[in-house]
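Below, each chain spelled out in residue letters.
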Amino acid sequence: MTDAITRYDLPQTAIPRRWYNIQADLPRPLPPVLHPGTHAPVGPDDLAPLFPMALIGQEVSRERYIDIPEEVREIYKLWRPTPLIRARRLEKALGTPAHIYYKYEGVSPSGSHKLNTAVAQAFYNKAEGVQGLTTETGAGQWGTALSIACNFIGLPLEVFMVRVSFQQKPYRRVIMQSFGSSVHPSPSEATDAGKAILAQDPDTTGSLGIAISEAVEVAAKSGGSKKYALGSVLNHVLMHQTVIGQEALQQMEIAGEYPDVVIACAGGGSNLAGIALPFVHQNLTNGKKTRILAAEPAACPSLTRGVYAYDFGDAIGMTPLVKMYTLGRRFIPPPVHAGGLRYHGMASVICELYDQGLMEAIAIGQVETFQAATQFLRAEGIVPAPEPSHAIAAVIREALAAKESGEKKVILFHLCGHGHFDMTAYEAYLAGKLNDYEYPQELIEAAMAELPKVEDPTAAS
Ligand SMILES: *Cc1c(COP(=O)(O)O)cnc(C)c1O
């Protein structure tokens, strides 16, 4: 055991030189994104007020690979390649014959995978002469990542931070401010969307959907000087994250194994896409049969209990309509929910893979999630963020099933961020204050009645 390797590192020369675009390989193309007013497919001109042309091009591109600009790759060198770790101590603690590997993105300066796309987005905006970015952030990881990226690239950033996080995670705010960003609690008085929601419900804890409405409004009303950046969900964001899975493919090869299952948590879908899409590519084009498993919270079960329908991306109903598994745009997770992953919808790419049977999903309650996180940190020494702890819970289920059946399964999971800013959630767990919470069926049904009435262009006629 003493010579057993637990960590697979790559040299910096192995940092991928291109992003992988799954749109080249999907058996069925993605459903079109529709204009919220006319319901006609949106074109580049509709998106131009919010995004630079390079990213709009990536959003619809069918090219299999897109080159990573040299300046972006230079910045990636600050933390990439990230390690692949064999969780031998966890395997031992579980007494499983399964081999468990994890790709760890918590070594990035922002502490999560989000910096991979933040740097790329800031780069393309700057290259097209944009003078500032706006964005929303929930738990603060995205706002932190984009603050770091904007600092490197040289762009001012305005962040709308979900009010409950603004209050509960003041240190995330201070990090963003240290990198030079300005941060508003959302809903705020700085936008019409924020004012309207505060007038209805002055004590609201906010939601990602509301914060998106505010950030989009500021960009849309800037006359082109400011654009908006989104940390997940969009095709180009998922594509930027594929550096993770491309590295993991190389590292698994060094380990001399190939995963039977790849597991990641799913909020908007970007960290899952990042690790999984290069393996889906192998499934679709190279005869591999790796299972892809999304782990989502029982409190926000978009894939497992949502409906695959056209819905708005934000709470107010300003964004284009996207076909996705949705819980309804007004979804606000219960305050007892400690596990992050609060978005009502899901990335289109992930929804199509799920709908086409190329991927599986399970929902996990928060008590099991924190039990799994605690078991993992005691074995491996890393405090995982609550979000990937859903994936860890799924890994433990798989590893115990392998123990039961005596199967030597190879499991790869994505530890997409550390949990150093999530200790209030751990504190609540340790104090026995976290309860399991199933999102009520009545709320899902009520939300479905409010879905925009859209003729689905992909429906069989
Ligand atoms: C943002 C974030 C998530 C959720 O977003 P995805 O797009 O689903 O990846 C999950 N984990 C961490 C650590 C995050 O920062």
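Going along each chain's sequence as written, the residues are numbered from 1 onward. Owing to the predicted nature of the model, reporting of local features is limited to residues with pLDDT of at least 70; listing and counting of side-chain atom pairs is limited to 80 or more, with chain, interface and lining totals taken over all residues. Think of the side-chain values as coming from all heavy atoms in the structure, minus any hydrogens and water.

A.B. asks: How do you make sense of the sheet that holds strand β9 (residues 226-228) when you look at a structure like this?
C.D. replies: In sheet architecture, strand pairing relies on hydrogen bonds along the backbone and comes in two forms, parallel and antiparallel. When DSSP finds two or more bridges between a pair of strands, those strands are recorded as paired. The way it works is that DSSP assigns letters per residue, a run of H or I at least four long becomes a helix, a run of E at least two long becomes a strand, and they are numbered from the N terminus. Read across the sheet, four strands follow the order β8-β7-β6-β9 without closing on themselves; strand pairing throughout is parallel. One side of each edge strand has no neighbouring strand; the edge strands of this open sheet are β8 (182-186) and β9. Each strand of the sheet is rotated relative to its neighbour by a mean of 25°, with strand direction disregarded. Note: strand β6 (residues 132-137) against strand β7 (residues 157-162), five bridges, orientation parallel. Looking at the pairing, threonine 135 lines up with valine 159 of β7. Contacts between helix α10 (residues 208-220) and the sheet are confined to β6, β7, β8 and β9, with β6 contributing the most and set at about 170° to the helix. Interaxial angles span 0 to 180 degrees and are taken between N-to-C directions of axes, which are lines fitted to C-alpha atoms, for helices over the stretch in contact. The criterion used for residue contact is that any of the two residues' heavy atoms lie within 4.5 Å.

A.B. asks: Can you walk me through the site of the ligand in this structure?
C.D. replies: For each residue, the test is whether any non-hydrogen atom lies within 4 Å of the molecule or strand; if one does, the residue is near. Taken together, 16 residues surround the ligand, and among them Lys114, Ser232, Gly267, Ser270 and Asn271 come closest. In the analysis that follows, any N or O atom pair within 3.5 Å is treated as a polar contact, provided that within protein one partner can donate a hydrogen and the other can accept it, and provided that, for residues neighboring in sequence, both atoms belong to side chains. Take histidine 113: an N or O atom from its side chain is 3.2 Å from an oxygen atom of the ligand.

A.B. asks: I'm lost on the packing of helix α16 (residues 366-380) against helix α18 (residues 423-430) in this one. Help?
C.D. replies: Pairs of packed helices are described in terms of their axes, by the angle between the two and the distance that separates them. Contact pair α16 / α18: the axes reach a minimum separation of 11 Å and the direction vectors enclose 105°. Compared by their axis directions, α16 and α18 come out roughly perpendicular. Here α16 contributes Val367, Phe370, Gln371, Ala373, Thr374 and Leu377 to the contact with α18, which in turn contributes Ala425, Tyr426 and Tyr429. To sort the angles, those under 35 degrees are grouped as roughly parallel, those over 145 as roughly antiparallel, those from 65 to 115 as roughly perpendicular, and the leftovers as oblique.

A.B. asks: Would you take a moment to explain the nonpolar core for this structure?
C.D. replies: Note that soluble globular proteins tend to have their nonpolar side chains buried in a common cluster. Working definition of a nonpolar core: buried Ala, Val, Leu, Ile, Met, Phe, Trp, Tyr and Cys residues. They are joined through side-chain atoms within 4.5 Å. When a residue's accessible area, from a 1.4 Å probe over protein chains only, is under 20% of the maximum for its type it is buried; when over 50% it is exposed; and in between it is partly exposed. Grouped together as the largest cluster of nonpolar side chains are 95 residues, with contacts concentrated most on Trp19, Tyr76, Tyr228, Leu272, Ile350 and Leu412. Core analysis: the second largest hydrophobic core is formed by 28 residues, Ala87, Leu293, Ala394 and Phe413 among them.

A.B. asks: Even after reading the chapter, I still don't get unusual backbone geometry, so can you show me in this structure?
C.D. replies: Most peptide bonds adopt trans geometry, and most residues besides glycine take a negative phi value. Residue proline 81 follows arginine 80 across a cis peptide bond; omega there is -10°. Its place among the elements puts proline 81 in the loop between α3 (70-76) and β4 (84-86). Residue proline 187 follows serine 186 across a cis peptide bond; omega there is 5°. Even without a glycine there, the phi angle at histidine 39 is positive, about 65°. Since its relative accessible area comes to 29%, histidine 39 is described here as partly exposed.

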